[in-house]
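# Descriptive analysis of the structure
Residue-level listing of the chains:
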Amino acid sequence: MSTEVDTVPDDTDAGEPEAGVHARRTLPADPSQVWQHLISPAGTEALLGEGARLGSKGESWHAADGSHGVTRSYHPLEQIRVSWHPHEDGPLSMLDVQLKADGDGTCVDLYHEGRGIAGDPRGDQQHWEDALGRLAAGLPG
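I will try to describe carefully the structure that is included in this document.

Conventions used here
- Residues numbered from 1 in each chain as written.
- Predicted model: local features only at pLDDT ≥ 70, side-chain atom pairs only at ≥ 80, totals over all residues.
- Heavy atoms only, no water.
- 1 Å grid on protein atoms, 1.4 Å probe; cavity = no way out; pocket = protein on both sides within 12 Å on 5 of 7 lines; lining within 4 Å.
- Points joined across faces, edges and corners; volume = space filled by probe spheres on them.
- Nonpolar A, V, L, I, M, F, W, Y, C, P; charged D, E, K, R; others polar.
- Salt bridge = Lys/Arg side-chain N within 4 Å of Asp/Glu carboxyl O.
- Helix = DSSP H or I, 4+ residues; strand = E, 2+ residues; numbered from the N terminus.
- Buried < 20%, exposed > 50% of the residue type's maximum accessible area, 1.4 Å probe, protein only.
- Pairing = 2+ DSSP bridges.
- Axes fitted to C-alpha atoms, helices over the stretch in contact; angles between N-to-C directions.
- Contact = heavy atoms within 4.5 Å.
- Polar contact = N/O pair within 3.5 Å; in protein donor to acceptor, adjacent residues only side chain to side chain.

## A closer look at empty space enclosed by the protein
- Within this structure, the stated rule accounts for one cavity of 30 Å³ or more.
- What lines the largest cavity is Leu47, Leu48, Leu54, Ile80, Val82, Leu95 and Val97.
- Among the residues forming the lining of the largest cavity, the class breakdown is seven nonpolar, no polar and no charged.

Written as structure tokens, this is what we have:
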């Protein structure tokens, strides 16, 4: 029998579950090409916003719109995970982007865990679907 007790953080609103969205898009390029685009200035801006630059694990990033965070996990050709705040006083959330070969293309799975941009899951879903669209549109070739 476990003595561990589950606790709810003090800043969690009672009855309001943490928001989370999943967006997916298959891009017509191999994982290496998609990864190189994702970590390039143009790819990073497409995903995180103008001015954002991804670095190695532990490095912070900032976009012109005020969103910011820190790279938490960096696995070339497979996954990048960053903390994400929509603005200076914004809530902490995590953005996890995973790449997987899918036939002649690459499936990009994006998971946003926590409270987000629009304050509602539908707005957050649209935000990340639009971001994947920008990423796809900027893919070289």
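## Focus on the pattern of salt bridges
- Applying the stated criterion across every chain, the model contains five salt bridges.
- Across the pair aspartate 96 and arginine 81 runs a salt bridge, and its minimum N-O distance is 3.6 Å. Taken together, the residues span a long stretch of sequence, with aspartate 96 in strand β5 (residues 93–102) and arginine 81 in strand β4 (residues 79–84) at a distance of 15 residues.
- What makes arginine 81 partly exposed here is its relative accessible area of 21%.
- Between arginine 81 and glutamate 113 there is a salt bridge whose closest N-O contact spans 3.1 Å. With arginine 81 in strand β4 and glutamate 113 in strand β6 (residues 105–114), this residue pair connects regions lying 32 residues apart in the sequence.

## Description of the sheet that holds strand β1 (residues 20–27)
- The strand order across the open sheet built from six strands is β1-β6-β5-β4-β3-β2, with neighbouring strands paired in antiparallel fashion. In this open sheet, the two strands that pair with only one neighbour each are β1 and β2 (60–62). Strand-to-strand twist of the sheet, defined as the mean angle between neighbouring strand axes without regard to direction, takes the value 25°.
- Bridge analysis of β2 against strand β3 (residues 68–75) gives three bridges, and the strand direction is antiparallel. Looking at the pairing, tryptophan 61 lines up with glycine 69 of β3.
- Packed onto the sheet, helix α1 (residues 31–39) meets β1, β3, β4, β5 and β6 and runs at close to 155° relative to β5.

## Notes on unusual backbone geometry
- With phi around 70°, leucine 77 is a residue other than glycine that occupies positive phi space.
- On the secondary structure map, leucine 77 appears in the loop between β3 and β4.
- Assessed through its relative accessible area of 40%, leucine 77 is described here as partly exposed.

## Details of the side chain of threonine 106
- Assignment of secondary structure puts threonine 106 in strand β6.
- Look at threonine 106 and you get buried, because its relative accessible area is 0%.
- Polar contacts involving the side chain of threonine 106 include one to the main-chain carbonyl oxygen of aspartate 30, which spans 3.4 Å.

## As for helix α2 (residues 41–48)
- Within α2, the full set of buried residues consists of Gly43, Thr44, Ala46, Leu47 and Leu48.
- Phi turns positive one or two residues past the end of α2, at glycine 49, with a value near 120°.

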